[in-house]
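Chains, contacts and geometry: an overview
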Amino acid sequence: MKLLSKKVMCNSHGQDSSYFLGWQEYEKNPYDETRNPKGIIQMGLAENQLSFDLLESWLVQNPDAAGFKRNGESIFRELALFQDYHGLPALKNALVQFMAEIRGNKVSFDSNKLVLTAGATSANETLMFCLADHGDAFLLPTPYYPGFDRDLKWRTGAEIVPIQCTSSNGFRITESALEEAYQEAKTRNLKVKGVLVTNPSNPLGTTLSKQEIQLLLTFISTKNIHLISDEIYSGAVFNSPSFVSVMEVLTENNYMNTEVWDRVHIVYSLSKDLGLPGFRIGAIYSNDELVVAAATKMSSFGLISSQTQYLLSAMLSDKKFTKMYISENQKRLKKRHEMLVRGLQNTGISCLDSNAGLFCWVDMRHLLRSNAFDAEIELWKKIVYDVGLNISPGSSCHCTEPGWFRACFANMSEDALNLAIQRLKAFVDSTNNNNQNHHQSSLSSKKKSFSKWVFRLSFNDGRQRER
């Protein structure tokens, strides 16, 4: 064991988080409608499987793209030998146009400022290497995506200091919370290099307002630090308010000729909006030339295959298709979101009001035996093992309040989601009945004790009167 590196031996990957442990339990006993109908239903995986038919239909209509052909001629050799870590210009051009389209073309992006990476995981880690040294810190609003403990910290040596947000205002970022996190970092002798937010939020499913983004820009300007805006769910906004990108606020407020312009960086991916996590298509967008140059060099450690780049450049260049896909996908997400929220409401469970993402932030505080994180994990284990649902406990997302859970809704069929809701309802009903029976039993016991006490009191009082 002494021959191995400290990196191998340390436990900073986060694999022991309940977020990942739930996945492991699911993999041991996965639900299948025919082969394993009593298995665990995976509600801990934020995948978008609602619009695969649209993608598959496009592939059928565009066989050259999938067959590595151009105008009917094979380009297999060309793709097989392509090794430029700058990426295919055709994909970069198509991707920045797709990013603009998702944002209602209110902003535009320059493909020369785009760095292709193997997914958003690689993009976020690369930005950490570019912006922070070992031991430097980034501030992240809670609750946040559990994978950030791995993506931002494990190999880079960077630290995360939470910006504590609460349910009292819908987990919104406040000026006081930002300042408290900054001071906490100073107390721990950590140098703060920036703030990282997900917009739309994972796990909340909410979007940042222009006022909140402006608050963040003012904060990083005052503190002379960076802002990373992870916008991988920007195409998954299905209800008002509409999505506002940090780039939109920067442009509207004429930040172009300020230092802040170079200190804001965007992360994007096609894993969520197009439902293609296995293709590993991510990107960094930055106005800082040095960051773009360094990130491009680092991207050689995690390149996107040339075949994948070619296929997606063709798909994203089809403007008729992308327009239809964005609209239809958002409609399907809205319908599925409403289905889960309505089903949970019928069960007596509410969700945080949300308008985006592939999940709901579910309030189960009333089901805890006590207001403690031990009680949350106890409830989570019952839901995983007894109910047969893998949902992510809020503590894995560093939520400050026990009893919140993230439940995904876009990675399964409608039938599977209905079954999940039915299972949860049966569990809640059973829990309520047990609590009611326990309460009645307790009352009955108290009545008996009270009756004995009254009898003894009357008896003694009678004896006293007889004397």
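Rules behind the numbers
- Residues numbered from 1 in each chain as written.
- Predicted model: local features only at pLDDT ≥ 70, side-chain atom pairs only at ≥ 80, totals over all residues.
- Heavy atoms only, no water.
- Phe/Tyr/Trp six-rings, centres within 6.5 Å; stacked < 30°, edge-to-face > 60°.
- Helix = DSSP H or I, 4+ residues; strand = E, 2+ residues; numbered from the N terminus.
- Buried < 20%, exposed > 50% of the residue type's maximum accessible area, 1.4 Å probe, protein only.
- Lys NZ or Arg CZ within 6 Å of the ring centre and 35° of its normal.
- Axes fitted to C-alpha atoms, helices over the stretch in contact; angles between N-to-C directions.
- Left-handed = near helix turned anticlockwise from the far one by under 90°.
- Contact = heavy atoms within 4.5 Å.
- Nonpolar A, V, L, I, M, F, W, Y, C, P; charged D, E, K, R; others polar.
- Domains from an automatic or database assignment.
- Buried area = accessible area lost by both parts, 1.4 Å probe.
- Salt bridge = Lys/Arg side-chain N within 4 Å of Asp/Glu carboxyl O.
- UniProt positions renumbered as here; feature names shortened; annotations may be inferred.

What about the packing of aromatic side chains?
A complete count under the given rule lists 14 aromatic pairs for this structure. Between phenylalanine 171 and tryptophan 404 the ring centres are 5.3 Å apart and the planes differ by 85°, which places this aromatic pair in the edge-to-face class. Note that phenylalanine 171 is positioned in the loop between strand S6 (159-163) and helix H9 (175-187) and tryptophan 404 in strand S15 (residues 404-408), a separation of 233 residues in sequence. Across this residue pair, the class does not change: phenylalanine 171 and tryptophan 404 are buried. Here phenylalanine 321 and tyrosine 325 contribute two aromatic rings whose centre-to-centre distance is 5.9 Å and whose plane-to-plane angle is 40°, an arrangement assigned as tilted. Taken together, the residues phenylalanine 321 and tyrosine 325, both in helix H14 (residues 319-346) and 4 residues apart, mark about one turn of the helix. Clustering of aromatic rings is evident, with ring pairs tying together Tyr19, Phe20, Trp23, Tyr144, Tyr145 and Phe148. Its end group placed over the ring of tyrosine 182, lysine 223 keeps NZ or CZ at 4.3 Å from the ring centre.

Re the packing of H9 against helix H10 (residues 210-223)
For the pair H9 and H10, interaxial distance at closest approach is 11 Å and the crossing angle is 35°. For the element pair H9 and H10, the recorded crossing hand is right-handed. Listed contacts from H10 to Glu175, Leu178, Glu179 and Tyr182 of H9 are Leu215, Leu216, Phe219 and Lys223. Here the contact of H9 with H10 is built from residues that sort into 5 nonpolar, no polar and 3 charged.

Observations concerning the domain arrangement of the chain
Under the domain assignment, the chain is made up of domain 1 (6-52 + 323-430) and domain 2 (69-318). For domain 1 and domain 2, the distance between their C-alpha centres works out to 25 Å. The partner domain 2 presents 40 residues to the 37 residues of domain 1 that form the contact. A combined buried area of about 3,400 Å² lies between domain 1 and domain 2, and 59% of that area is made up of carbon and sulfur atoms. Sorting the residues of domain 1 by area buried against domain 2 places His13, Asn355 and His398 first, and these three jointly supply 19% of that buried surface. Taken together, domain 1 and domain 2 are joined by 0 salt bridges.

Observations concerning the UniProt feature "domain: Aminotransferase class I/classII large" (unreviewed entry) in the chain
Feature annotation in UniProt places "domain: Aminotransferase class I/classII large" (unreviewed entry) on residues 41-424, given in this structure's numbering. Between the end C-alpha atoms of residues 41-424 there is a gap of 11 Å, over a span that is 42% helix and 15% strand.

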